[in-house]
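Fold and contact review
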Amino acid sequence: MSRYSAAEIEPKWQSTWEEAGVFTATRDESRPKYYVLEMFPYPSGNLHIGHVRNYTMGDVVARYKLATGHAVLHPMGWDAFGLPAENAAQERKVHPGDWTYANIDNMKSQFARLGLSLDWSREFATCDPEYYGQQQAMFIDFLEKGLVYRKNAVVNWDPVDMTVLANEQVEDGKGWRSGAPVERRELTQWFFRISDYSEELLDALDRLDEWPEKVKSMQRNWIGKSRGLQFAFSVIDGPEGHDRVEVYTTRPDTLLGASFIGISPDHPLARQLERDDADLAAFNAECRRMGTSEEEMEKAEKKGFDTGLRVRHPFDTGWELPVYVANFILMDYGTGAIFGCPAHDPRDLEFARKYELPVATVFAPAMGEEGTFILPEDGGPAYVPPKPETVRYIKGFAGDEAQTGDQAINAAIAFCEENGVGHGVTKFRLRDWGLSRQRYWGCPIPVVHCDSCGVVPEKKENLPVELPRDIDFDQPGNPLDRHPTWRDVPCPACGASARRETDTMDTFVDSSWYYARFTSPRAATPTDETDARYWMNVDQYIGGVEHAILHLLYSRFFARAMNECGHLPDTAREPFDALFTQGMVTHEIYQTRDDQGRPVYHFPHEVTNGRLADGTEIEVIPSAKMSKSKRNVVDPVAIIERFGADTARWFVLSDSPPDRDVEWTDAGAEAASKFLGRVWRLAQDVPGAPEQGEGDSDLLREMHRAIHDVTMGIESFGFNTSVARLYAFANTFAKSKAGRAAKMQAMRTMAQLMAPMTPHLAEEIWEMLGGEGLIAQADWPKADEAMLVDDTVTMPIQINGKRRTEIEVPKDMDKTEIESLALATDAVQKALAGGEPKKLIVVPGRIVNVVV
RNA sequence: GCCCGAGUGGCGGAAUGGUAGACGCAGGGGAUUCAAAAUCCCCCGGUGGCAACAUCGUGUCGGUUCGAGUCCGACCUCGGGCACCA
């Protein structure tokens, strides 16, 4: 008997599939189409095990859909622009393009060994001029439609390296390379008007039935629709032009609990006041030294600066409130100014206690529900019940004394509108999408700055605006800015000498439409109408939950914007019909520190028994998402070399549910390999099995159940249960004494059921057992419903909810018969001790519960 | 800090509100073998018991229900996201 050798059979079938063009997607109006897409990878240089998991899952779906008669589109490409290439350029003196394409070559060869059912003829990288040229064309369309504009926005500025830093490059408020404290700097930048679509992006979530609830929930919160009151406090003796401070609040019902006004350090009033107030200027400067991330702002100690200004309460002109500049107020949200109500906001309470401001409770728990309620002014915590909860208003001014927060808010808005104090407004948290990056390795923004014409889009016939090849990273900052010739171009409008925009696009732009480009990757326009119409939408999108908000929201916006510019049909405004977020593969992080105490990370393969090769002991940080920067990644190539691709595929699908994180350990790959060997041997034995056997129908019954269960598993993304089911089927098969014909049928079916997961092994068995054609193109087996049900069923009998015994009954036995059988059992008789049951629950086919 | 998840044997996990622990790993025992590898078979949550069986048990505390891993509330721990990592 020959041994199962993945090294021999896998390349053989991979070339067979390729030669037969099995996975080339072609439009076929006679078949239902199915577009399955996994989030394309960043070409870091090597596949990691997370990729294997992600792409194997997509492959299972793609192969299954092919077997069920669909025209399948399953493409692959590269999310190839981005920071790591520039980091490599600085650290290793390689050109970002060379580095990227070399990585792509390497990863593509690793991909090939996994035997994925990908249509490689559609491959592209986002850094291909052909791709980003089309992106530039769309940018110009967006510009004409008013979907893009320029405004000022702050960035993290490293004053030593003289460069803009990504949030990731800011550590504890300092630049990661220079160690210099980061400053906020304002630059004129390009923005997409995604906020114009807030309402639509929010409403459409309700119709995304095949998206995970958690993702929709995160997007809803991110979009952040709120109803509130916008009104103004009048400033007493304020500086010229600042006699009012506009405030937005979602809790106008707490107006009588107001204790101070807080404005952002970037608020126009704060900027005005700091001109004549050195202390305030210093305070604002300190606030501006913080990084730009919301997380950093929220975690920072809450600080304020009393401007000395006072404002009048809108309900009582004699009531004056102090105006503080506070470091936790975002200029980007609302009006950049708030009123603080310490009794009902933990952050305001912390602030009020720190600066000894008054605390006044507006509402308390409803009558009879006070419990151990302590007034915030008496040292209790801020009282923030859910808005639908009924509370008792102590300092209410609209509506009943007892009402819900929601009712009170509505009543307060109505009251204020009637009395001329502001008006109700709906606001969204979602901000416009800043796409400018002051970097080289991205898609150039195709506009020209002309002294007489202003900002002028490049002519479409001049696209793509290609990145210059001759650049250097010897100095920090954007090489495009200091390139000797690239910037100098004639104005597309007047022909006078002008300057190219040197900002490039956020890489999220690249990944916001690649799914559409895959439908016609070589088209001379961004998309081809016929192809887009046929293939869109993506029927199943698969990727990491870390993309739950930004990438998916941006893509949803982009599809709408593309639709409005005629690049996608109306039906594709919502581009992903179904979404599956697979869990991450996690691994421990191994770290040492450099001479300045900064962390240095090490790959798992560099670590043996907690030490590096030179004997340095490493710190172990608990498992976290695998990431290039933390180096906690595992090389799947080593596993493929040792066991083969099928084993790697089988292993990543088994055990953990696909949507849950899995911690990578070496244990188990061995077991997967053993199992595949076992199936192989079982298949080899089939032709030699005796013609006549016993239990043919039992084996076939089990086969039909396996078909049913494995199919359900695949359709519901429960690949781990499909795998478990196949283990069980293999166990049954191994024990079966059935005759040759039954075994043949069962084994061919097993191969088919395994084919989406272990396609090479499946083809080999299929061929060995005389299957017709390629298993990759064979029709998916169908379960015979009649074979799925048992004639008898085991019913557990509970006494007071605890299982005590069981009875075996015909599956359609009626309730009263089951009742009498159950009551007759020894356990029930003993429990009843001659008495009557208090209650008897019989769920036919499921359970009997006797309450005594 | 805010938003979203997840917690079940030694381990990964299974379980339409209905027998908790399927399947796999590790472990133990056995068969085969001169021996080993490979393979095959059996056992395998804790406690008590020779056993039958009893009892406890799904992060913690409380609730709903005839019945809760599953539903509700509070908390703890871990993970993801927080707009320039991708």
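Residues numbered from 1 in each chain as written. Chains lettered and ligands numbered in written order. Predicted model: local features only at pLDDT ≥ 70, side-chain atom pairs only at ≥ 80, totals over all residues. Heavy atoms only, no water.

The next point concerns the nonpolar core. Core analysis: the biggest nonpolar cluster contains 169 residues, and Phe142, Phe192, Leu435, Tyr514, Tyr515, Phe558 and Met747 have the highest contact counts within it. In terms of residue count, the dominant contributor to this core is helix α2 (residues 49-67) (10 residues). When we break this core down by domain, the ones giving at least three residues each are domain 1 (1-30 + 647-789) and domain 2 (134-206 + 432-507). Among residues more than four places away in sequence, those in contact with Tyr515 are Tyr35, Leu37, Met536, Val538, Ser555, Phe558, Ala559, Pro575 and Phe576. Core analysis: the second largest hydrophobic core is formed by 40 residues, Phe283, Val391, Ala408 and Cys416 among them. (Core = buried A, V, L, I, M, F, W, Y, C linked by side-chain atoms within 4.5 Å. Buried < 20%, exposed > 50% of the residue type's maximum accessible area, 1.4 Å probe, protein only. Helix = DSSP H or I, 4+ residues; strand = E, 2+ residues; numbered from the N terminus. Domains from an automatic or database assignment. Contact = heavy atoms within 4.5 Å.)

The sites that UniProt annotates as "short sequence motif: 'HIGH' region" (unreviewed entry) are residues 41-51. Along residues 41-51, the helical share is 27% and the strand share 0%, with 8 Å between the first and last C-alpha atoms. (UniProt positions renumbered as here; feature names shortened; annotations may be inferred.)

Looking at where Arg53 falls in the secondary structure, it is placed in helix α2. Within the buried set, Arg53 has no salt-bridge partner at all; the shortest N-O distance to an opposite charge, 5.8 Å, is to Asp661. Side-chain polar atoms of Arg53 contact the backbone oxygen of Pro657, separated by 3.0 Å. Setting aside residues no more than four positions away along its own chain, Arg53 makes contact with Gly583, Met584, Val585, Val652, Ser656, Pro657, Pro658, Arg660, Asp661 and Val662. (Lys, Arg positive; Asp, Glu negative; His and termini not counted. Salt bridge = Lys/Arg side-chain N within 4 Å of Asp/Glu carboxyl O. Polar contact = N/O pair within 3.5 Å; in protein donor to acceptor, adjacent residues only side chain to side chain.)

A word on the protein's contact with RNA strand B. For RNA strand B, the set of nearby residues contains 66 residues, the closest of which are Asp79, Asn167, Arg439, Arg846 and Asn849. Within 4 Å of the protein, the contacting atoms of RNA strand B are drawn from sugar and phosphate to the extent of 62%. In the environment of RNA strand B, a sugar or linking oxygen lies 2.6 Å from a nitrogen or oxygen atom belonging to the side chain of Asp79. Here Arg429 contributes a backbone N or O atom positioned 3.1 Å from a base nitrogen of RNA strand B. Within the surface near RNA strand B, the residues separate by chemical class into 23 nonpolar, 19 polar and 24 charged. (Near = heavy atom within 4 Å. Nonpolar A, V, L, I, M, F, W, Y, C, P; charged D, E, K, R; others polar.)

Looking now at the packing of aromatic side chains. Within the structure shown, the criterion is met by 54 aromatic pairs. Relative to Tyr554, the ring of Trp433 lies with its centre 3.8 Å away and its plane at 5°, an arrangement referred to as stacked. Of this pair, Trp433 sits in strand β18 (residues 433-434) while Tyr554 sits in helix α16 (residues 550-564), and the two are 121 residues apart along the sequence. The buried category is assigned to Tyr554, whose relative accessible area is 12%. An angle of 70° between the planes, with centres 4.9 Å apart, marks the rings of Tyr515 and Phe576 as edge-to-face. Within this pair, whereas Tyr515 is found in helix α14 (residues 514-517), its partner Phe576 is found in the loop between α16 and β26 (579-582), the two being separated by 61 residues in sequence. Ring pairing ties together the aromatic residues Phe139, Phe142, Trp190, Phe192, Tyr197, Trp433, Phe508, Tyr554, Phe557 and Phe558, which thus form one cluster. Here the basic side chain of Arg63 rests over the ring of Trp17, its NZ or CZ set 4.4 Å away from the ring centre. A cation over an aromatic ring shows up here: Lys151 above the ring of Phe191, its NZ or CZ 4.7 Å from the ring centre. (Phe/Tyr/Trp six-rings, centres within 6.5 Å; stacked < 30°, edge-to-face > 60°. Lys NZ or Arg CZ within 6 Å of the ring centre and 35° of its normal.)

Hydrogen bonding along the main chain pairs the strands of a sheet, whether they run parallel or antiparallel. The sheet built from three strands is open, its strands ordered β14-β15-β16 with antiparallel pairing. Every other strand in the sheet has two partners, leaving β14 (363-365) and β16 (402-404) as the edge strands with one partner each. Adjacent strand axes in the sheet meet at a mean angle of 45° when their direction is disregarded. Across three bridges, β14 lies against strand β15 (residues 390-393) in antiparallel orientation. Bridging from a neighbouring strand, Phe363 pairs with Tyr393 of β15. (Pairing = 2+ DSSP bridges. Axes fitted to C-alpha atoms, helices over the stretch in contact; angles between N-to-C directions.)

With that out of the way, let us pick up the domain arrangement of chain A. When the parts of a complex come together, some accessible area is lost, and that lost area is often taken as the interface size. Looking at chain A, the domain boundaries give domain 1 (1-30 + 647-789), domain 2 (134-206 + 432-507), domain 3 (225-428) and domain 4 (792-851). The gap between the C-alpha centroids of domain 2 and domain 3 is 36 Å. If you look at the interface, domain 2 gives 13 residues, while domain 3 gives 13 residues. Linking domain 2 with domain 3 are two salt bridges. Salt-bridge contacts for Glu199 lead to Lys225; the nearest nitrogen and oxygen are separated by 2.6 Å. Between the two partners, domain 2 and domain 3, sit three residue pairs in polar contact (both at pLDDT 80 or more). Looking at the side of domain 2 that touches domain 3, the elements with two or more residues in it are β3 (148-158), β7 (183-192) and α6 (198-205). Across the side of domain 2 that touches domain 3, the residue classes tally to five nonpolar, four polar and four charged.

Before going further, it helps to examine the sheet that holds strand β4 (residues 163-165). With antiparallel pairing, the four strands of this open sheet are ordered in space as β4-β3-β7-β18. Strands with a single pairing partner mark the edges of an open sheet, and in this sheet they are β4 and β18. The pairing of β3 with β4 spans three bridges and is antiparallel. For Trp157, the partnering residue across the bridge sits in β4 and is Val164. Along the sheet, helix α5 (residues 129-144) contacts β3 and β7; its crossing angle with β7, the most-contacted strand, is approximately 85°.

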